[in-house]
Every structure is written in C-alpha cells, then in structure tokens.
Amino acid sequence: MSASVDAGTDAAAIATAPAAASENELAIKVRGLRNVFGDQVVHDNLDIDVHPGEIIGVVGGSGTGKSVLMRAILNLRRPQAGRIEVLGVDALSEDRQKRLSVEKNTGVLYQNGALFSSLTVAENVMVPLKEHYSALPADLVTALAMLKIRLSGLPDTAAAKFPSQLSGGMRKRAGIARALALDPALLFLDEPTAGLDPIGAAAFDQLILSLQRALGLTVFLITHDLDTLYTICNRVAVLADKRVLINAPISEVEKFDHPWVQEYFHGPRGRAAQSAQEKP
Amino acid sequence: MTTATASRLPAMEPSRSDPEILRASGEWTLPNAERLLALINSAPHVAKDIDGRDISRLDSTGAMLLSRYATRVGLGLATVEVKAEHQSLVESVREICETPTLPVKKDYGFRRMAERLGITVEDYAKEVIALIGFGGLCLKTIAATILKPSRIRITSTIYHMESVGLDAVPLVLLLSFMVGCVVAFLGATVLREFGAEVFVVELVNIAFLREFGVLLTAILLAGRTASAFTAQIGAMQSGEEIDAIRTLGLDPIELLVLPRLFALVLMLPLLTFMAMMAGLAGGMAVGAGSLGISPDMYIARIQETISITHFWVGMSKAPVFAVIIALIGCLEGFQVQGTAESVGERTTSSVVQSISLVILLDALAAMFFMEMDW
C-alpha cells in the first residue's frame, strides 16, 4: 500500500464521526422502502440514513436483503414502494439526466470485482472516463487511470494485466480503482473482505479508511466481517425483521436488545473482534 | 451536498500583492478537467508560490493537475497551500504523482506479427495433439466401461440422445428438404437444354445419398451440438465442477464425455437417414410440381437406376463425423479457463474446428470412394 496516506489504526480517530446532519444534508435517505420477491417480503417500511463523510457498515443474517437494499439504492432494482434519495436527488426518478448525475457520483465495488474480463485493469478504469468525459486528451485519461490504480494500492505492473491474471485481493483493488474513476462522493462496497485472508482483509480495511479520509468519501459497506465493523465503521446498521433495527455507532449497537444482534456481537467471533480492538 | 456550493469555475491568477504568487480558486474537479487543462497550459512558466486555499472543491483529478503544474514550475505539490479539508487528499496524490511511471513499450511492428504467427501455429499443433490424446483417452475409458457395462450411464445417454437427436429432427428435415428442392431446380435448369430432365432424379438421389444427407446433418450438429457440449462442460469447468468430480473419485470422461459420445454416434446416423429422405422428398416435390415427373415415376426410377451402394457410402461417414463432433465439443469444454470470455472463445473454436474437420474428411472420403469405384 505505497499509496496510502497515514492511516492510523487507532479507533480514536474514527470516533470523530460527523455530527448528525439535518435531514436534507443526508448522503442517502431511504424512506418506507418495500421490496417483495413473489410472496416473500424482504423489506417492509424500511428507513435508513447515511450521513456524508461516514463509513456505514450494513450487517444482517443471510437473506435479510443487504444486497437487495444496495441494489435498490443503486437503481438496479425497482422497489415496490418507498422513496430513495441519493445526494439530495430522487434516485427513482424517471429523468435520465437526474439518474446520470447520481450514477456519476457513485462508485461500486461488487463482490468479485465485476471487472470487464476482456479489458486490462487500466482499460477497465478508463471505461467510465472515456464514456463520460470523451473530450479529455488520451494522455490525461491514462494518467488519471494510473492515479486511481496507485491510489488503490496496486503496483504499476498490474495496470497492463487482465483481471484473470490477478489474485482475488488485487482484483478487488482493481475494482476499487474503477469505482473511483469518476471521483465519486459515494462508494458502495459489497462484502469487500470476503474471500481475503486475514492479513489481506486488514490491509483492505486500511485502504478503505485511507481512501475515505483522502477523498472525503461516504462509504456504504455491506459486510459480515466483524473486524471491519470494529476497525473502520463509524456506524453500523443492522437489518433484521424486514427493516433497519438500529443504525448507530457500534458501541450502542452491541448493547441493543435483539436476539440476532446479541448472538452476532457476543458470539465467539464477536467477542474475539471486540477484544482485538481493546488491546492497545 | 454537492449542489449546495455554486458552480464556480476554476481559475488561477497572480495575486495582487505579488504577481509571482499564483492564487488558484474555484472547483478543481473532474467535470472541469478540460478547462483545468487549458488553464495550466496557459499559466505562466515561472511562479514563486501557488496558493490553493481558495479552491472550493478539490478531487483527485484536480489535485493531479495542480501537481502537474506545480512540478512544471519547479515547486512540487508539497509547497502548495490548501484548505485543511483538502490536505490529506493533496498528501496522498503528491506521493503518487511524484513517483515516476515506468515507460511501457508497446511493439506493434514486424516482430510482434511474427510472434503472433508463431504462437498461432504452435496453438494449432497443440490443438491437434490434444485432440489425438483426448481421442485415445476416450477409447481407453470406453474399453474400461465395456468390461463393466453397469458403469455406462444409461439415463444420461438417453437424455443427450433426446437433446442431440430428437430435438434436432425438425431443423434437419426442413433444411434437407429445401436443399433437395434447390438441387432439383439447379439440375433441371442445366439438364433441360439436353432434354434430359428426367435425370434430375439421379442427380438428387446420388447427391443426397452419397454426400448432402450426411454432410448437412453433420454441419448442423456441429453448429448445434458441438457448441452446446463446449458450453455445458465449459461452464462446469469454470464452476470447478469438473474438479469436484475428480476429487470425488469419479472420472469426468466416463461421466460427461461417454454419454455425449454414445448419444451422438447413435443419433447422427438416424438423423442422416432422415435428411436423405427429406432431400429425396424435396426432389420429388419439385419434380411433381414443375418438371412433370410424377411421384410414381420418381420412385420407379429410383428403383431402376440407383444402387444401394450410394446409401452405404453416405451412411458409413455418419459415425465418423459423430465422433469428431463429440470429441471436439467435449475437449474444447475441458480447455475453458475460468472466465466467461473463455467459454465464448472455446465455443466458437469448437464450432469452427468441427465444421472444418467434417468438410475436410468428407472431401478426403469422396476421393477415396471415387478411386475405389464404390
């Protein structure tokens, strides 16, 4: 991670979560969301707020609709009911122009990177730049792609490689580089540390943290990884019973009285992650 | 949050106190990148200091362009003062931008062409060796299974017989019938000049029994079935299902290839027979419709003039083509490497290879049968 800024691991720095912003300054505002598959209700009357500049971790058991929530916010799936505002713009709007302004301001890292397999890493990063800023000279686009690749902590040699030639961790970094191509304000991450070894996962956590600080990103992060929650998240939102049970800093969430939350944070893995944080 | 600040265009002007100190202001962001580029290109070549505290919004693109300019005037991004909220961004971008990139040399010249030619030739050679090896492997597995007939997968074979054979019947019948009509018309046009229209019967019959019946069927199945085999096995390969089969102590050849091979070897001759009949029917239809040869006459003439040898010559090629199509289809499937793109590449390659090999062998066989006077 040659590119990272000084990313202190101390949890104290994270405590500087943004103060509760007023309603209209939210990065993401979801109200009364309802998602139904056949006769299975996944979300019912779900509300969630994401404040600008924070890293929010979304957790929940399998099938509680974490990915469905993300897909709804990203307009990849139309919910049955509800309102979604992203950066103050109605994300469900039919207006192509409005949706485009949202899309240009959001970067997404999919679980397996979702890199275009026929393009090299550098070409992958250049795709959105060439598409949305076609007037820029080629050398600037190349330089910008290189900047994102280095920001993501990849070595220069990775730029000319195809996704299939990269390891899982490097593919995720390349995915981040492409997500950052348009300098978005919002970054969505779908289980960023899944499938990485503990050392790689910890390094990836630090990458997210350093990028968030350097670029002032708002990060919406779906995860199962308790270490990620304790190390980098300002807030944790728990999805259960078809809605967001609680959306608060982790110290409050772990005290929340709900069987799933208690099981999750106070099971053997939860305790281990907690005690790892308490060590100096 | 983003639209709150008024869209202020980026600018860089000499400050009032000292013209050699430049003040950057406005939004240094990606949407303004073109303007920024023009700005730093027209900016003075000397500057004592750059003041970035008036920059209202800065992203990594803006920071990179600022760094480019600062480096050009010999200052470096470290000396540029910015707002506290931009400090960490500038710091991380500075480190990156001031690390020189290694120049990547791309060679599009003659050497590269020769290199690609070499790689292609080598690939073809490898492909041929792999096909022969795969054929041997299948023979060995067949020998082993025949000794233990209980290991033949009956259900799977029947399933493939349905999808390879039965489902292809309408297509084969329709296309052969139409080609039969075309050949009859073509023959009639030429033979009419000699008043020998009745020889259309011989033309259509010999053509379909010897060549077209089996060739049409084999080409259709190469397109329809070889591609399906490759895609099915390729998807299993990329999903690590083949590896799972191996680690469970099973033989992927026995499990996946043999049922497909048997199904195709059984079904291709049957389909060939149908194609022959449909082709003859096409000739009969044209004869009755526009040449004045009644169906009775048509059939009588077949019995008088066409020897059964033609039928056997055509039929004898069917199992050979079936083996080729099945082997290539399955082998290409096993050669898939992980990605979806690879599945596509291999599918194309299996269709191209099986069709060309079928036509090549058919030409060789035609020469052989001609020499033998069969």
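For the structure, check the block above.
Bear in mind that the values here come from a model prediction, so they are computed numbers and not experimental data. (Residues numbered from 1 in each chain as written. Chains lettered and ligands numbered in written order. Predicted model: local features only at pLDDT ≥ 70, side-chain atom pairs only at ≥ 80, totals over all residues. Heavy atoms only, no water.)

1. Remarks on the interface of chain A and chain B
Selection criterion: The contact criterion used throughout is that any non-hydrogen atoms of two residues lie within 4.5 Å. When two parts are put together, the accessible area they lose, computed with a 1.4 Å probe and summed over both, is reported as buried area. N or O atoms closer than or at 3.5 Å make up a polar contact, with two conditions inside protein: a donor-capable atom paired with an acceptor-capable one, and, for residues adjacent in sequence, both atoms drawn from side chains. Numbering goes from the N terminus for both helices and strands, where a helix is a DSSP run of H or I of at least four residues and a strand is a run of E of at least two. Here the term charged refers only to Asp, Glu, Lys and Arg, the term nonpolar to Ala, Val, Leu, Ile, Met, Phe, Trp, Tyr, Cys and Pro, and the term polar to all other amino acids, Gly among them.
The interface of chain A with chain B comprises 31 residues on the first partner and 25 residues on the second. Buried surface at the junction of chain A and chain B, both sides included, amounts to about 2400 Å², of which 67% is carbon and sulfur. Among the residues of chain A in contact with chain B, A:Leu140, A:Leu147 and A:Arg150 are the three that bury the most area, contributing 23% of the side total. Where chain A packs against chain B, one counts 5 residue pairs in polar contact (both at pLDDT 80 or more). When residues in the side of chain A that touches chain B are grouped by element, the largest group, 9 residues, is from helix H4 (residues 138–151) of chain A. Residue composition of the side of chain A that touches chain B, grouped by class: 20 nonpolar, 5 polar and 6 charged.

2. Let's talk about a nonpolar patch on the surface
All names here are of chain B. The cut-off we apply is this: For patch detection, residues must exceed 30% relative accessible area and be free of salt bridges, and they are connected within 9 Å for like charges or within 5 Å for nonpolar side chains (Val, Leu, Ile, Met, Phe, Trp, Tyr). Note that accessible areas follow from Shrake-Rupley with a 1.4 Å probe, and for residues the cover is restricted to the protein chains shown. Just to be clear on terms, a salt bridge is a Lys or Arg side-chain nitrogen sitting within 4 Å of an Asp or Glu carboxyl oxygen. Only protein chains enter the accessibility calculation, which uses a 1.4 Å probe. A residue is then buried if its area is under 20% of the maximum for its type, exposed if over 50%, and partly exposed in between.
A surface patch of nonpolar side chains, about 310 Å² in accessible area, is lined by Leu-173, Phe-273, Met-274 and Met-277. It is helix H9 (residues 252–291) that provides the largest number of residues to the nonpolar patch, a total of 3 residues. Counting through the fold element by element, Phe-273 comes out in helix H9. According to the relative accessible area criterion, Phe-273 is partly exposed, its value standing at 38%.

3. A word on the packing of helix H3 (residues 121–132) of chain A against helix H5 (residues 168–179) of chain A
All names here are of chain A. Quick reminder of the rule: Fitting a line to C-alpha atoms yields each axis, with helices limited to the stretch in contact; the angle taken between N-to-C directions then spans 0 to 180 degrees. These descriptions rest on fixed angle ranges, namely under 35 degrees for roughly parallel, over 145 for roughly antiparallel, 65 to 115 for roughly perpendicular, and the rest for oblique. Whether a crossing is left-handed or right-handed is set by the direction in which the near helix is turned from the far one by less than a right angle, anticlockwise for left-handed and clockwise for right-handed.
Where H3 meets H5, the axes come as close as 8 Å, and the angle between the chain directions of the two elements is 25°. When the axes of H3 and H5 are compared, the pair comes out roughly parallel. Here H3 runs over H5; the crossing is right-handed. Residue-level contacts link Val-121, Asn-124, Val-125 and Pro-128 of H3 to Ala-174, Ala-177 and Arg-178 of H5. Tallied by class, the residues present in the contact of H3 with H5 amount to 5 nonpolar, 1 polar and 1 charged.

4. Observations regarding helix H6 (residues 198–215) of chain A
Residue pairs spaced three or four apart in an α-helix point in one direction, given the helix's 3.6 residues per turn. Residue and element names in this part refer to chain A. Note the cut-off: Expected helix span is computed as 1.5 Å times (number of residues minus one).
The first and last C-alpha atoms of H6 sit 25 Å apart over 18 residues, in line with the 26 Å expected at 1.5 Å per residue. Within the sequence span of H6, burial applies to Ala-201, Phe-204, Asp-205, Gln-206, Leu-207, Ile-208, Leu-209, Ser-210, Leu-211, Gln-212 and Ala-214. For H6, the capping residue at the N-terminal end is Asp-197, with a side-chain oxygen 3.1 Å from the backbone nitrogen of Ile-199. Positive backbone phi, approximately 65°, marks Gly-216, located one or two places after H6.

5. Looking at the sheet that holds strand E2 (residues 40–50) of chain A
Residues and elements named next belong to chain A. Stated precisely, the cut-off is as follows: A pair of strands counts as paired when DSSP detects no fewer than two bridges linking them.
A sheet is described by the order of its strands in space; here 4 strands give the open sequence E2-E1-E4-E5, paired in antiparallel fashion. Of all the strands in the sheet, the pair left with one neighbour each is E2 and strand E5 (89–90). Where strand E1 (residues 28–37) meets strand E4 (residues 81–86), 5 bridges bridge the pair, whose relative direction is antiparallel. Considered in E4, the bridge of Val-30 is made with Ile-84. Sheet strands touched by helix H1 (residues 66–73): E1, E2 and E4. Its angle to E1, the strand with the most contacts, is close to 120°.

6. A few points about the packing of aromatic side chains
Counted only if it meets this: Here the aromatic set is Phe, Tyr and Trp, taking the six-membered ring for Trp, and pairing holds for ring centres within 6.5 Å; pairs whose planes are under 30 degrees apart are stacked, those over 60 apart are edge-to-face, and all others are tilted. Remark: a charge is flagged as sitting over a ring if the NZ atom of Lys or the CZ atom of Arg is within 6 Å of the ring centre and within 35 degrees of the ring normal.
Inspection of every chain in the model, using the stated rule, returns 11 aromatic pairs over all chains. Geometry around A:Tyr133 places A:Lys104 over its ring, the cationic atom sitting 5.4 Å from the centre. Between B:Arg301 and the ring centre of B:Phe199, over which it is positioned, the NZ or CZ distance is 5.2 Å.

7. Some words on helix H9 (residues 259–266) of chain A
All names here are of chain A. Definition in use: Here the arc refers to the set of directions running from the helix axis out to each C-beta atom.
Taken together, the buried positions of H9 are occupied by Val-261, Tyr-264 and Phe-265. With its buried residues spanning 85° around the axis, H9 presents them on a single face. In H9, the exposed residues that point more than 90 degrees away from the buried face are Pro-259 and Glu-263.

8. Some details on the pattern of salt bridges
Residue and element names in this part refer to chain B. One pass over the structure, following the stated rule, counts 24 salt bridges over all chains. Notably, a salt bridge pairs Glu-81 with Arg-53, separated by 3.7 Å at the nearest N-O pair. Here Glu-81, found in strand E4 (residues 81–82), pairs with Arg-53, found in strand E3 (residues 49–58); they are 28 residues apart in sequence, far enough to count as distant. For Glu-81, a relative accessible area of 41% puts it in the partly exposed group. Taking relative accessible area as the criterion, Arg-53 reaches 43% and is therefore assigned partly exposed. The closest approach of N and O atoms between Glu-254 and Arg-151, which form a salt bridge, is 2.6 Å. You can see Glu-254 sitting in helix H9 and its partner Arg-151 sitting in the loop between helix H4 (110–147) and helix H5 (154–164), a full 103 residues away along the chain. On the basis of relative accessible area, Arg-151 is assigned to the partly exposed category, the value being 31%. It is possible to trace a salt-bridge network through shared partners that takes in Arg-23, Asp-51, Arg-53, Asp-54 and Glu-81.

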